[in-house]
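Structural description and commentary
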Amino acid sequence: MKIQFLGAARTVTGSMHLLHINSYRILLDCGLFQGRRAEANERNKNLPFDQKSIDAVILSHAHIDHSGNLPNLVKQGYNGPIYSTPATRDLCEIMLADSGHLHEKDAEYLNKKRRKNHEPPIEPLYTADDAVKTLEYFREIPYEKEFDVLKNVTAKFTDAGHILGSASIRIASKERGTMQTLGFSGDIGRWNMPIIKDPMFMGDVESLITESTYGGKLHDPPEDMEKLLASDLERTINRGGKVLVPAFSVGRTQDLVFTLHKLFDKGVLPRIPIYIDSPLAINATEIFKKHRECFDEETYQHIAQHHDPFGFMRLQYVRSAEASKQLNDKKEPCMIISASGMCEAGRILHHLANNIQDPRNTIMIVGYCAEHTLGKRLIDREEEVNILGGTYKRKAEVVVHNSFSAHADNYDLLKYINRFDKRHLQKIFVVHGEIERSTSLQNGLKEIGFTDIEIPVREQKADL
C-alpha cells in the first residue's frame, strides 16, 4: 500500500489523499482548496492525477473542504463509486448544488469585468447541474458495516462525531497474501456536544492519517456553552441590540438553535425573534430531522419530552433576498443567523455592513475562521474592516464561542489517538492543520508514547 498526500497537507483545506493498493487507486476525500483566489482556482481546476484512473472514492463527510471538488472530478471523467454514509450523501445533495451555484455566480461576476476588458470568458469550476450528476455515483453505507471497495480491499465507516454523517474510515487490504490496515480520521468531533454522538473508536490499525486543525489549542468546555451564550444574549438584549451570528450552515447552526431552545424553555432568557437567513442552513436542518440515527442519547430524551425538540416552529426562516433585506428594518432585539461562517460571502456581509457600527449590537463568532478572512479580522477586534468594498468602523461588540466548535481540540485529539494500541500502530501522518498546529499535535503524541509521526508536505508519497 502506498499513499500520496494531495491536499490538506500543512493546511486545513482541500482534503485529498490517494491510495495505491495492488493495481487500484482509491481517493480519500476530494475537497476544495480554499485560499487566495488565483492559487485556489489553479489547484481546484487542475486535479493532480488522471481522473479516469481512479477506481473508487471514499468520503469522510460533507463539508466542502472534503467533498467540494467531487463535481469537478466527475465532470472531468470519473464514473466510479463514491462511498459515504447516508447522512453525508443527503448533505452533499444540497451542499454541492449550493457550491455549484456559487461557482456559476462567481464566473458570471468575473465575466462582466472580462467583457469590459475584451478578455475571453471563463467557465465556472462546475455548475449546480454538475453537482446533481455527481449524486448518481454515491453509494450509501451505514456506520460499522464493513463493505467491499474493490477486490481484496474493504472499508468501514465509524462515527467521527464531527457533523451529521461524519465518519472515520478504516481500510483493510490484502496484498501478496499480507493484510494491511490504514485509518483515516476525517475530522474528529468533540465529546459531550449537542445533538450528534461522541466520536467512536474505529479499531486498531497499522497506519493512521489524522487531522490536526486545533493541535495545541484548547476550547471552552461544552458544559459552559449555555452559561456563556445566556450571558452574551442577556447583555445584548438589555441594551436593545441585535445578535449577528455568522454560522456554518451544517452543524453549527443546528447546535446553536438547539441550545437556544433549551435556554428559552428553562426561562433563562426572554424569547426573542430568531431568523435563519441562509437557504442552505434551512435545507440542512431538514436533513437533520431525517437522520435521527446520528443523534446522541440526550437528544433522544429531549425529543421524547418535546413535540418540537429543536424549536423549529419558533424560528423564522428567511429564503428570499428581499426578505433578508427587510431584516435591516428590525429595531427590536433579535438574533440573525446567516452564512457564511468565515464572513467571506453570503448574506451575513449585508447584515454586518448594516449593523457593525452600532455599539448596541453583538457579533457572535461560533466557528473556525482562517487567516486573511473577515471573520478572523473580527475575532482580532480590528477597529476598521472592509465589507463589500466599503470601510466600516467596528463599534459592535465581538464575542467568540469556541465551545461551539465541531472540531476536536488538542485534548480531544490526544484522547482519540491514545486509544490505538502503540505496539500495533506503526506510523502516524499528521494532516489538515497549519504547520504550527500539526507540530503541536506531533509533540503531544510523542509525549504520550507514539514514536513514528510525520507531517507530510503536499504531493509527498509514502510506502506503508
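Numbers given to residues run from 1 along each chain, matching the order in which its sequence is written. With the structure being a predicted model, the display of local features is reserved for residues of pLDDT at least 70 and the display and counting of side-chain atom pairs for 80 or more, all residues being used for whole-chain, interface and lining totals. Here the side-chain values reflect all heavy atoms present in the structure, with hydrogen atoms and water set aside.

1. So, the pattern of salt bridges
Condition: Here, a salt bridge means any Lys or Arg side-chain nitrogen found within 4 Å of an Asp or Glu carboxyl oxygen. By the criteria applied, helices consist of DSSP H or I runs no shorter than four residues and strands consist of E runs no shorter than two, each listed in order from the N terminus. To sort residues, take the accessible area from a 1.4 Å probe on protein chains only and compare it with the maximum for the residue type: under 20% means buried, over 50% means exposed, and anything in between is partly exposed.
Enumeration over the complete set of coordinates arrives at 22 salt bridges. Two residues, Lys-105 and Glu-108, come together in a salt bridge whose shortest N-O distance is 4.0 Å. Taken together, the residues Lys-105 and Glu-108, both in helix H4 (residues 86-116) and three residues apart, mark about one turn of the helix. Judged by relative accessible area, which is 44%, Lys-105 ranks as partly exposed. Here Glu-108 falls in the partly exposed class, since its relative accessible area comes to 42%. Between Asp-277 and Arg-347 there is a salt bridge, and its shortest N-O distance comes to 2.6 Å. Taken as a pair, Asp-277 in strand S13 (residues 274-277) and Arg-347 in the loop between strand S15 (335-338) and helix H11 (348-355) lie far apart in primary sequence, 70 residues in all. With respect to class, Asp-277 is no different from Arg-347; both count as buried. Through salt bridges with shared partners, a single ionic network connects Arg-89, Asp-90, Glu-93, Glu-140 and Lys-290.

2. Thoughts on the layout of surface pockets
This is how it is decided: Grid spacing is 1 Å over the protein atoms alone, the probe is 1.4 Å, and a cavity is where that probe fits but cannot get out, while a pocket is an open set with protein on both sides within 12 Å along at least five of seven lines and lining residues have an atom within 4 Å of a point. Grid points are joined across faces, edges and corners, and a volume is the space filled by probe spheres set on the points. Polar here means any residue other than Ala, Val, Leu, Ile, Met, Phe, Trp, Tyr, Cys and Pro, which are nonpolar, and Asp, Glu, Lys and Arg, which are charged; Gly is therefore polar.
The volume enclosed by the second largest pocket comes to roughly 520 Å³. Lining of the second largest pocket is provided by 21 residues; of these, Tyr-214, Lys-217, Tyr-368, Cys-369 and Lys-376 occupy positions nearest its centre. Secondary-structure elements contributing two or more residues to the lining of the second largest pocket are helix H12 (374-379) and helix H14 (435-447). The class makeup of the residues in the lining of the second largest pocket is nine nonpolar, six polar and six charged.

3. What to know about helix H13 (residues 410-417)
For the record, the criterion: Whether two residues are in contact is decided by their heavy atoms: any pair within 4.5 Å suffices. In protein, a polar contact requires one atom able to donate a hydrogen and another able to accept it; more generally it is a pair of N or O atoms within 3.5 Å, and residues adjacent in sequence count only if both atoms are side-chain atoms.
For H13, the buried fraction is high: six of the eight residues fall into the buried class. Residues Asn-410, Asp-412, Leu-413, Leu-414, Tyr-416 and Ile-417 constitute the buried set of H13. Tucked into the core, H13 has its buried residues touching strand S9 (167-175), strand S11 (207-211), strand S20 (427-431) and H14. Measuring from the backbone nitrogen of Tyr-411 back to the side-chain oxygen at the start of H13 gives 3.1 Å, which picks out Asp-409 as the cap.

4. A short note on the environment of Arg-190
Position of Arg-190 relative to the elements: it lies in the loop between strand S10 (178-184) and S11. When its relative accessible area of 3% is taken as the criterion, Arg-190 is described as buried. When the C-alpha atoms of Arg-190 and Gly-367 are compared, they prove to be 14 Å apart, with 177 residues separating the residues in sequence. Reaching out from Arg-190, the side chain makes a polar contact with the backbone oxygen of Asn-402 at a distance of 3.4 Å. Only 2.7 Å separates the side chain of Arg-190 from the backbone oxygen of Ser-403, close enough to count as a polar contact.

5. Observations concerning a positive patch on the surface
The condition that has to hold: The residues that make up patches have over 30% relative accessible area and no salt bridge, and they are joined within 9 Å when like-charged or within 5 Å when they are Val, Leu, Ile, Met, Phe, Trp or Tyr. All accessible areas in this document rest on Shrake-Rupley with a 1.4 Å probe, and a residue is counted as covered only by the protein chains that are shown. For the purpose of charge, His is not counted, nor are the chain termini; Lys and Arg are scored as positive and Asp and Glu as negative. One atom stands in for each charge, and that atom is NZ of Lys, CZ of Arg, CG of Asp or CD of Glu.
Among the surface-exposed residues, Lys-112, Lys-113, Arg-115 and Lys-116 lie close enough to one another that they form a single positively charged patch. Along the polypeptide, Lys-112 turns up in helix H4. A relative accessible area of 46% places Lys-112 in the partly exposed class.

6. A closer look at the nonpolar core
The test is simple: We call a set of buried residues a nonpolar core when its members are Ala, Val, Leu, Ile, Met, Phe, Trp, Tyr or Cys and they connect through side-chain atoms within 4.5 Å of each other.
Counting residues in each nonpolar core, the largest one holds 43 residues, and the members touching the most others are Leu-27, Leu-73, Leu-91 and Leu-164. Secondary structure elements with two or more residues in this core: strand S2 (16-21), helix H3 (70-75), H4 and helix H8 (279-290). In terms of residues, this core owes the most to one element, H4, which gives six residues. Once you skip the residues sitting within four places of it in the chain, Leu-27 turns out to touch Met-16, His-17, Leu-18, Phe-49, Ile-54, Ala-56, Val-57, Ile-58 and Leu-73.

7. So, H14
Stated formally: How far a helix is expected to stretch is found by multiplying one less than its residue total by 1.5 Å. The arc in question is the one spanned by the directions pointing from the helix axis to the C-beta atoms.
A rise of 1.5 Å per residue sets the reference length of H14, with its 13 residues, at 18 Å; its end C-alpha atoms lie 18 Å apart and thus fit the reference within 8%. Among all positions in H14, only Arg-437, Ser-438, Leu-441, Gln-442, Gly-444 and Leu-445 are buried. In a view along the axis of H14, the buried residues occupy a sector of 165 degrees, so they form one face of it. Exposed side chains of H14 directed beyond 90 degrees from the buried face belong to Glu-436 and Glu-447.

8. Remarks on the pairing of strand S16 (residues 362-365)
Let me state the cut-off plainly: Two strands pair if DSSP finds at least two bridges between them.
Side chains of S16 alternate between two faces, with Thr-362 and Met-364 and Ile-363 and Ile-365 buried alike. Bridge count for strand S12 (residues 243-246) against S16 is two bridges, and the pairing is parallel. Opposite Leu-244, over in S16, you have Ile-363 as the bridge partner. Relative to strand S19 (residues 397-400), S16 is paired through four bridges, and the arrangement is parallel. If you follow Met-364 over to S19, its bridge partner there is Val-399.

9. Observations regarding the sheet that holds S13
Rules: Fitting a line to C-alpha atoms yields each axis, with helices limited to the stretch in contact; the angle taken between N-to-C directions then spans 0 to 180 degrees.
Pairing is parallel across the open sheet formed by six strands, whose spatial order is S14-S13-S15-S12-S16-S19. At either margin of the open sheet sits one strand with a lone partner, and together these are strand S14 (316-317) and S19. On the sheet, helix H7 (residues 252-266) packs against S12, S13 and S15 and is oriented at approximately 160 degrees with respect to S15.

Scope: geometric values only; no functional claims are made or implied.
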